[in-house]
Amino acid sequence: MSLPFVLGTLTRGSTQITGTANPVYAGLISTAEEGFVHSHVKLLDESGFFVESVCAWILQDSNIPSPQAFWIKVNKAVLPRRSSWPYGELDSMLCFGTRTVINARTLKQEPSAEIAQKLLRWDSCHSSGVFDEALANDDRQVGNILTNGKGFWLIDHGRSFANAYREPKSLLTHTSPLFSNMFLDIIAAEKISVRMKLRGKVNTACGQIIASINALPLDEFVKNPDLRNGIRHFLNSRSEKLIENCMKKLGLDELKLN
């Protein structure tokens, strides 16, 4: 059975990134398919690993720009001395990682007055908003969008599922969390004529995201059956109201157009 992502192994010589919620290392990974690849590797707990992996798979399947995802074996012995290792006595762990985007920076480093218009002109602005709406990502902000001055990539999805993924039972009931959707808010601030032009694209993106959710190989990501069933219920519930929720956030829900 094929795995959801290319497998890699972190090599010696990585550097720990400072100021991150979880330990993150930048370095080379060794893969059978591509040889050595510059990557960022996150040392997450089981739930965090699952969330980032699921989001990466849906983004990849929906062709929304995001760094290529890997599953990376990390041996504690190859990390720099006195590095963070959140796995206790375990000697190695399968971790989530992404290909390093060369010369990229976060939007935190861009002039704030220009960000909204740059994102509005981005071809994937509407589909990114639909993705965040479907996954209930309550933490899309300038710190988790990369740019190299030409394109944009979505990163850091640990707070998807409205940051409730660590409590499987809550996912069975709290499927309509309130949160701000950065991309859809940017579109909603535009004139009605602009929103109407994007309406068809948003509907199409909803269909693409729903198809990816339906095709998600969830059994390969989550071994805990309670968590797996909760997530499936959550995603299905979000899918059922995805178009309606997107239209509400765009201020187009009352037009009753076909």
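Each remark here, short or long, concerns the structure printed above.
Right, let's walk through the structure included here. Sequence order as written defines residue numbering, which begins from 1 separately in each chain. Reporting in this predicted model follows two pLDDT cut-offs: at least 70 for local features of residues, and 80 or more for side-chain atom pairs to be given and counted; totals over whole chains, interfaces and linings ignore these cut-offs and use all residues. No hydrogens and no water enter the side-chain calculation; it runs on all heavy atoms of the structure.

### With respect to the pairing of strand β6 (residues 92-99)
Only strands joined by at least two bridges in the DSSP assignment are considered to pair. Every helix listed is a DSSP run of H or I at least four residues long, and every strand listed is a run of E at least two residues long, numbered separately from the N terminus. Here strand β4 (residues 35-42) pairs with β6 via four bridges, running antiparallel. The residue of β6 that forms the bridge with His40 is Thr98. Direction of pairing for strand β5 (residues 69-75) relative to β6: antiparallel, over a ladder of seven bridges. For Lys73, the partnering residue across the bridge sits in β6 and is Leu94.

### Side note on the pattern of salt bridges
We define a salt bridge as a contact between a side-chain nitrogen of Lys or Arg and a carboxyl oxygen of Asp or Glu at a distance within 4 Å. All chains considered together, the criterion is met by twelve salt bridges. A salt bridge links Glu34 to Arg99; the shortest N-O distance between them is 2.6 Å. Separated by 65 residues along the polypeptide, Glu34 in the loop between β3 (24-31) and β4 and Arg99 in strand β6 bring together distant segments of the chain. Judged by its relative accessible area of 39%, Glu34 falls in the partly exposed class. With its nearest N and O atoms 3.0 Å apart, the salt bridge here joins Arg159 to Asp138. Pair noted here: Arg159 is in the loop between β9 (152-154) and α4 (168-171) and Asp138 is in the loop between α3 (125-135) and β8 (145-147), with a separation of 21 residues, a long-range link. We call a residue buried when its accessible area falls under 20% of the maximum for its residue type, exposed when it is over 50%, and partly exposed in between, using a 1.4 Å probe and counting protein chains only.

### Let's talk about the packing of aromatic side chains
In summary, the pairing rule links any two rings of Phe, Tyr or Trp, Trp by its six-membered ring, whose centres are within 6.5 Å, and it sorts them by plane angle into stacked for under 30 degrees, edge-to-face for over 60 and tilted for everything else. Taken as a whole and assessed by the stated rule, the structure comprises nine aromatic pairs. Among the aromatic side chains, those forming a connected cluster through ring pairs are Phe5, Phe49, Trp71 and Phe221.

### Points about a nonpolar patch on the surface
A surface patch of nonpolar side chains, about 240 Å² in accessible area, is lined by Leu3, Leu7 and Leu94. The topology assignment puts Leu94 in strand β6. Exposure remark for Leu94: the relative accessible area of 36% places this residue in the partly exposed category. Patch membership requires more than 30% relative accessible area and the absence of a salt bridge. Residues of like charge join within 9 Å; the nonpolar side chains Val, Leu, Ile, Met, Phe, Trp and Tyr join within 5 Å. Values of accessible area rely on a 1.4 Å probe in the Shrake-Rupley scheme; residue burial ignores everything except the protein chains shown.

### Remarks on the sheet that holds β8
Sheet strands associate in pairs through backbone hydrogen bonding, adopting either a parallel or an antiparallel arrangement. In space, the three strands of this open sheet follow the order β7-β8-β9, with antiparallel pairing throughout. Unpaired on one side and paired on the other, β7 (105-106) and β9 mark the two borders of the sheet. Two elements, β8 and β9, share three bridges in a ladder whose sense is antiparallel. By the bridge assignment, Leu146 is partnered in β9 with Trp153.

### Details of helix α6 (residues 192-215)
To estimate the expected span of a helix, subtract one from its residue number and multiply by 1.5 Å. Counted at 1.5 Å a residue, the expected span for α6 with its 24 residues is 34 Å, and the 34 Å between its end C-alpha atoms agrees. The quantity called bend is, for any residue, the angle between two axes fitted respectively to the seven residues ending at it and the seven beginning at it. At Arg199, α6 shows its maximal bend, which comes to roughly 35°. Buried within α6 are the following residues: Arg195, Leu198, Arg199, Val202, Ala205, Cys206, Ile209, Ser212 and Ile213. Those residues of α6 hidden inside the fold are in contact with α1 (46-61), α3, α5 (182-188), α8 (225-240) and α9 (242-249). Any two residues whose heavy atoms approach within 4.5 Å at even a single point are treated as in contact.

### Thoughts on the layout of surface pockets
Each pocket or cavity is described by its volume, and for the largest pocket that value is around 1,200 Å³. Counting residues per element, the ones that place at least two in the lining of the largest pocket are β4, α1, β6 and β7. Per-element tally for the lining of the largest pocket: the top contributor is α1, with five residues. Note that Gly is not counted as nonpolar here; it falls among the polar residues with everything else outside the nonpolar set of Ala, Val, Leu, Ile, Met, Phe, Trp, Tyr, Cys and Pro and the charged set of Asp, Glu, Lys and Arg. In terms of residue class, the lining of the largest pocket is made up of 15 nonpolar, 18 polar and ten charged. Points on a 1 Å grid over protein atoms alone make up a cavity when a 1.4 Å probe fits among them but cannot get out, and a pocket when they form an open set with protein on both sides within 12 Å along at least five of seven lines; lining residues each have an atom within 4 Å of a point. Grid points are joined across faces, edges and corners, and a volume is the space filled by probe spheres set on the points. In this structure, the second largest pocket spans a volume of roughly 230 Å³. Elements represented by at least two residues in the lining of the second largest pocket include exactly α1, β6 and α7 (218-221). No other element matches the three residues that α1 contributes to the lining of the second largest pocket. When the residues that make up the lining of the second largest pocket are grouped by side-chain class, the tally is ten nonpolar, no polar and four charged.

### Quick word on the nonpolar core
Judged by nonpolar contacts, the single largest core of 56 residues is most densely connected at Phe50, Ile58, Leu119, Phe131, Phe161, Ile209 and Phe221. Top contributing element to this core by residue count: α1, with nine residues. Note on terminology: a nonpolar core comprises buried Ala, Val, Leu, Ile, Met, Phe, Trp, Tyr and Cys residues joined through side-chain atoms within 4.5 Å.

### What about the packing of α6 against α8?
What counts as an axis is a line fitted to C-alpha atoms, over the stretch in contact for a helix, and the angles between N-to-C directions run from 0 to 180 degrees. Closest axis-to-axis distance for the α6/α8 pair is 10 Å, and the angle between their directions is 160°. If you check the angle between α6 and α8, you find them roughly antiparallel. Read as a crossing pair, α6 and α8 show a hand that is left-handed. Seen from α6, the contacting residues are Ile210, Ile213 and Asn214; seen from α8, they are Arg232, Leu235, Asn236 and Ser239. A per-class count over the contact of α6 with α8 returns three nonpolar, three polar and one charged. What sets the label is the angle itself: under 35 degrees gives roughly parallel, over 145 gives roughly antiparallel, 65 to 115 gives roughly perpendicular, and the rest give oblique. For a crossing to be left-handed, the near helix must be turned anticlockwise from the far one by less than a right angle; the clockwise case is right-handed.

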